[in-house]
Amino acid sequence: MIKELTKAEEQIMLILWEMGEALVKDVIEKMNEPKPAYNTVSTVIRVLETKGFVDHKAIGNTHIYFPIIKETDYKRFALDKVMSNYFENSYESLVSFLVKEKSMGTEELNEIIQLAEKLKKDK
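Residues numbered from 1 in each chain as written. Predicted model: local features only at pLDDT ≥ 70, side-chain atom pairs only at ≥ 80, totals over all residues. Heavy atoms only, no water.

Cut-off, in case you're wondering: UniProt positions are given in the numbering used here, feature names are shortened, and annotations may be inferred rather than shown by experiment.
The chain carries the name BlaI/MecI/CopY family transcriptional regulator in an unreviewed UniProt entry, which gives Pedobacter kyonggii as its organism. Note on the chain: under the UniProt heading Sequence similarities (unreviewed entry), the record states "Belongs to the BlaI transcriptional regulatory family."

1. Here we look at the pattern of salt bridges
Selection rule: Salt-bridge detection follows one rule: a side-chain nitrogen of Lys or Arg within 4 Å of a carboxyl oxygen of Asp or Glu. By the criteria applied, helices consist of DSSP H or I runs no shorter than four residues and strands consist of E runs no shorter than two, each listed in order from the N terminus. Classification of residues uses two cut-offs on accessible area relative to the type maximum, computed with a 1.4 Å probe and protein chains only: under 20% is buried, over 50% is exposed, and between them is partly exposed.
This structure, assessed with the given rule, holds seven salt bridges. Residues Glu9 and Lys51 are paired through a salt bridge, measuring 2.7 Å at the closest nitrogen-oxygen approach. Pair noted here: Glu9 is in helix α1 (residues 7–19) and Lys51 is in the loop between α3 (38–50) and β1 (54–59), with a separation of 42 residues, a long-range link. Under the relative-accessibility criterion, Lys51 is labelled partly exposed at 22%. The salt bridge partner of Lys25 is Asp26, with a shortest N-O separation of 3.6 Å. Owing to a relative accessible area of 45%, Lys25 belongs among the partly exposed residues under this scheme. According to the relative accessible area criterion, Asp26 is buried, its value standing at 18%.

2. Examining α3
It helps to recall that an α-helix has 3.6 residues per turn; residues three or four apart then point in one direction. We apply this condition: In a helix, the anticipated span is given by 1.5 Å times the number of residues less one. Here, the arc refers to the directions that run from the helix axis to the C-beta atoms. It only takes one pair of heavy atoms within 4.5 Å for two residues to be counted as in contact.
Between its first and last C-alpha atoms α3 spans 19 Å; for 13 residues at 1.5 Å apiece the expected length is 18 Å, and the two agree. Buried within α3 are the following residues: Val41, Ser42, Val44, Ile45 and Leu48. Down the axis, α3 shows its buried residues gathered within 165 degrees of arc, on one side only. Turned more than 90 degrees off the buried face of α3, the exposed positions are Asn39 and Thr50. Among the structural elements, α1, α2 (24–30), β1 and β2 (62–67) are those in contact with the buried residues of α3. Downstream of α3 by a residue or two, Gly52 has a phi angle that is positive, lying close to 85 degrees.

3. Let's talk about the pairing of β2
Put simply, the rule reads: Strands qualify as paired when DSSP identifies two bridges or more between them.
Across six bridges, β1 lies against β2 in antiparallel orientation. Residue pairing across strands places Lys57 opposite Ile64, the latter belonging to β2. Between the antiparallel neighbours β1 and β2 lie two residues, among them Gly60 with a positive phi of about 65 degrees.

4. Overview of the packing of aromatic side chains
Two aromatic rings are characterised by how far apart their centres lie and by the angle between their planes. Rule in force here: Only Phe, Tyr and Trp rings take part, Trp by its six-membered ring, and two of them pair if their centres are within 6.5 Å. Stacked means planes under 30 degrees apart, edge-to-face means over 60, and tilted covers everything else.
All told, the structure shown has four aromatic pairs when counted by the stated rule. On the numbers, 5.7 Å between centres and 70 degrees between planes, the contact of Phe53 with Tyr74 is edge-to-face. Remark: Tyr74 occurs in helix α4 (residues 71–86) and Phe53 occurs in the loop between α3 and β1; sequence separation between them is 21 residues. Of the residues examined, Phe53 reaches a relative accessible area of 0% and is grouped as buried. What makes Tyr74 buried here is its relative accessible area of 7%. Judged by centre distance (5.5 Å) and plane angle (40 degrees), the ring pair of Tyr74 and Phe77 falls under tilted. Highlighted residues: Tyr74 and Phe77, both in helix α4, separated by three residues, approximately one helical turn. Aromatic ring contacts, followed pair by pair, group Trp17, Phe53, Tyr74 and Phe77 into a single cluster.

This is the structure:
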């Protein structure tokens, strides 16, 4: 079962999903300034391993980390959580929120409808 990520864990997972695999120093290089300490990133990655998001392969004393949870699976989990916690599992409520709070216009709504129709056909 997928567990919720902290902000720091999510930041590292986004980098690992993008890179496919990486050393701790590679992850740090991709992070914004101010960059966290090596030990901090290493600790977060080990926590991600215990949560079942990341695994590693050892080459000598070096560990190369890679994601074992797919980004699409986590996106689905995160969206389901947002939908249930904030929109009562109603996509109508979500769209209503986007229109009201994010000033989504008719053109953008039509684009979403067209995309949804295309995705249904492609299934």
